[in-house]
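# Geometric and topological summary
Each chain, written out:
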Amino acid sequence: MELTLIKQTPDFDIAETVALNLDFTGRTPLKVAVYTALRTTILNGEIPAGTRINESVLSDKVRISRTTLRFALQKLHKERLLEHSPGKGMIVRGITRKDAYEIFAIRKSLDCLAAVTAMYKMTDEEFDELEQILIRMSRQPDRLAELFTEFNEFIYEKSQIIRLKDTMINIQNYLSYFRDLSAHSQQRRKDAIEDHRKIFCCMKQRSENQLKLQIEQHLDAALLCIVKEMDELNSVAL
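Here we summarise the structure given alongside this text. Just so you know, these numbers come straight off a predicted model, no measurement behind them. (Residues numbered from 1 in each chain as written. Predicted model: local features only at pLDDT ≥ 70, side-chain atom pairs only at ≥ 80, totals over all residues. Heavy atoms only, no water.)

## Quick look at the nonpolar core
Defined as follows: We define the nonpolar core as a collection of buried residues of types Ala, Val, Leu, Ile, Met, Phe, Trp, Tyr and Cys that are connected through side-chain atoms lying within 4.5 Å of one another. Buried means the residue's accessible area, taken with a 1.4 Å probe over protein chains only, is under 20% of the maximum for its type, while exposed means over 50%, and partly exposed covers the values in between. Each helix is a run of DSSP H or I of at least 4 residues and each strand a run of E of at least 2, with the numbering of both proceeding from the N terminus. Contact definition: two residues touch when any of their heavy atoms are within 4.5 Å.
Membership of the largest hydrophobic core comes to 69 residues, with the highest contact counts inside it found for Leu38, Leu130, Phe151, Phe178, Met203 and Leu211. Element by element, the count of residues in this core is highest for helix H5 (residues 97–121), at ten residues. With near-sequence residues (within four places) excluded, Leu38 lies in contact with Val18, Leu58, Leu69, Ala72, Leu73 and Leu76.

Below, the structure is given as structure tokens:
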């Protein structure tokens, strides 16, 4: 994919943007903290696709070594969030429509497996707990993104498939980005609450085929909304 290099303006300071997400207070190794900050900044869309990462300037401003920064850049390159451009260095690739379709295809398989497995293991008390999350969705619209995540994580936990949860962690930042995009649409937020209610009902009735169908329809609708938002953001950027 050929990226158009964005000419940076004095108003846009990559180092300042990354520094806001950089946490030196924990016990995390510095190189990991820098990687995490850069990754979060890119996934949040705070650095536009096509932006060149100037190693020298960034390392000086954030006060980290070039070696530490290169560790982060190489990891992000492997994750395809950065691309190497001959003569220009590392360029922010960001998240594309292709990424969205790929992530949602993966998520369909994972969500279906988690929900189907969980519904046969959950007790009546656990279904009551899951229903309480649904109730909070209607009562606390300002916490919807958080509650959607809580709903999904509850199901993954009750599936008791440890490696399934680990797999989800690898794409969690992408999902957070997509969830924030879909939250821009008020109608989509309402539809998503109803989708989660239907998923809950299918699980409680242990209707496996209906459950899989409902999950797929829910994710297809979310994907359409997200792609539309991404297209609008790209058109504004152009």
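Let us keep going from here.
## Details of the side chain of Arg93
Operational definition: Identification of polar contacts relies on pairs of N or O atoms within 3.5 Å, with a donor-acceptor requirement for protein atoms, meaning one able to donate a hydrogen and the other able to accept it, and with residues adjacent in sequence counted only if both atoms are side-chain atoms.
Within the secondary structure, Arg93 sits in the loop between strand E2 (89–92) and H5. Within the local environment of Arg93, its side chain forms a polar contact with the backbone oxygen of Arg80, the two atoms lying 3.1 Å apart. Looking at Arg93, its side chain comes within polar contact range of the side chain of Asp99, at 3.1 Å.

## Some remarks on unusual backbone geometry
Phi at Arg63 is positive, roughly 65°, even though this residue is not glycine. Its location among the elements puts Arg63 in the loop between helix H3 (55–62) and helix H4 (66–78). In the Ramachandran plot, Gln160 falls in the positive-phi region, its phi being about 60° despite a non-glycine side chain. For Gln160, a relative accessible area of 57% corresponds to the exposed category.

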